[in-house]
Amino acid sequence: MSDGSAGPPDVYLVRHGATEWSRDGRHTGRTDIPLLPEGEEQARATGALLAGRTFSTVLTSPLQRARRTAELAGHAAAEVDDDLVEWDYGDYEGVTSREIQRTVPDWTVWSGPIPGGETLAEVATRCDRVIERLRAVDGDSLVVAHGHLLRVFTARWCRLDPVEGRRFVLGTATLSRLGWEHDMPCVHLWNARG
């Protein structure tokens, strides 16, 4: 653990820096768009928060916004893990929640249908695979990925139903740390900015 106490290793999470679509509130799943210049600056600032920490494993989504964030944060050699790609929003790709709610009142990604996309259960299954992998690592890990994916990941880390990811709002290029209190998986740090 990073605090020097004995126990299982921690997992550090970094959401990618700002993109045009994240800035505009558009659902950005599989569309592979670049970081904005401000997103690159955010990634460098998050890298400063990580300075001096060593990781046994560093994983990133295959999408360029996550890979570039990892690189700018000082982890260019991050291993791509396809399970860390963002939620597939299907027909809602590039659309804001407000636009969706014009035809599907009260819709949220957590409770509504996602035509042509992934279910919450499918996203949770991917997260569970990564968590199982990281819990077997000897040492802390770093994961660089996406907002909704990391929120589901956090819920699953804490052994919660994946829908509880709705409670973990996550800003762009923020740092979070998941760890343990005794034998209970928990959140130690959330949404820190550099």
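Residues numbered from 1 in each chain as written. Predicted model: local features only at pLDDT ≥ 70, side-chain atom pairs only at ≥ 80, totals over all residues. Heavy atoms only, no water.

Participant: Which residues make up the pattern of salt bridges, and what values do they have?
Facilitator: All chains considered together, the criterion is met by 13 salt bridges. R166 serves as the salt-bridge partner of E164, at 3.3 Å between the closest nitrogen and oxygen. Residue class for E164 comes out buried when judged on its relative accessible area of 18%. Of the residues examined, R166 reaches a relative accessible area of 38% and is grouped as partly exposed. The partner of E164 in a salt bridge is R167, and the shortest N-O contact between them spans 2.3 Å. For R167, a relative accessible area of 59% gives the class exposed. Here the salt bridges share partners, and the residues they tie into one network are E40, R44, R68 and E71. (Salt bridge = Lys/Arg side-chain N within 4 Å of Asp/Glu carboxyl O. Buried < 20%, exposed > 50% of the residue type's maximum accessible area, 1.4 Å probe, protein only.)

Participant: Go over the confidence of the model for the protein chain with me, naming the residues and quoting the values.
Facilitator: Per-chain confidence: the protein chain averages 95 in pLDDT, with 96% of residues scoring 70 or above. Between residues 1–6, whose pLDDT stays under 50, and residues either more than four places distant or in other chains, the model counts twelve contacts. (pLDDT = per-residue confidence, 0-100. Contact = heavy atoms within 4.5 Å.)

Participant: Tell me about the packing of aromatic side chains, residues and numbers included.
Facilitator: By the definition in use, this model includes six aromatic pairs. Among the aromatic residues, ring-to-ring pairing joins W87, Y89 and W110 into one connected group. The ring of W157 has R135 lying over it, and the distance from NZ or CZ to the ring centre is 4.3 Å. (Phe/Tyr/Trp six-rings, centres within 6.5 Å; stacked < 30°, edge-to-face > 60°. Lys NZ or Arg CZ within 6 Å of the ring centre and 35° of its normal.)

Participant: Please set out the environment of G165 residue by residue, giving values where relevant.
Facilitator: Residue placement: G165 occurs in the loop between α6 (147–157) and β5 (175–181). Measuring from C-alpha to C-alpha, the distance between G165 and V137 comes to 24 Å, with 28 residues separating the pair along the chain. (Helix = DSSP H or I, 4+ residues; strand = E, 2+ residues; numbered from the N terminus.)

Participant: A description of the nonpolar core should follow, citing residues and the corresponding values.
Facilitator: Residues W87, L134, V143, V152 and F153 are the most contacted members of the largest nonpolar core, which totals 32 residues. Those elements giving two or more residues to this core turn out to be β1 (11–15), α5 (120–135), β4 (141–145), α6 and β5. Of the residues forming this core, the biggest block, seven residues, is contributed by α5. With 13 residues, the next largest nonpolar core counts Y12, A78, L175 and A192 among its residues. (Core = buried A, V, L, I, M, F, W, Y, C linked by side-chain atoms within 4.5 Å.)

Participant: Run through the sheet that holds strand β2 (residues 57–60), naming residues and quoting values.
Facilitator: Taken together, six strands build an open sheet; the order of strands is β3-β2-β4-β1-β5-β6 and the sheet is mixed. The outermost strands of the open sheet, each flanked by one partner alone, are β3 (79–80) and β6 (184–192). Of the strand pairs in this sheet, β2 and β4 are connected by four bridges, and their pairing is parallel. Note on β4: the bridge partner recorded for T57 is S141. The strands touched by helix α3 (residues 64–72) within the sheet are β1, β2, β3 and β4, with β4 carrying the most contacts at an inclination of about 135°. (Pairing = 2+ DSSP bridges. Axes fitted to C-alpha atoms, helices over the stretch in contact; angles between N-to-C directions.)

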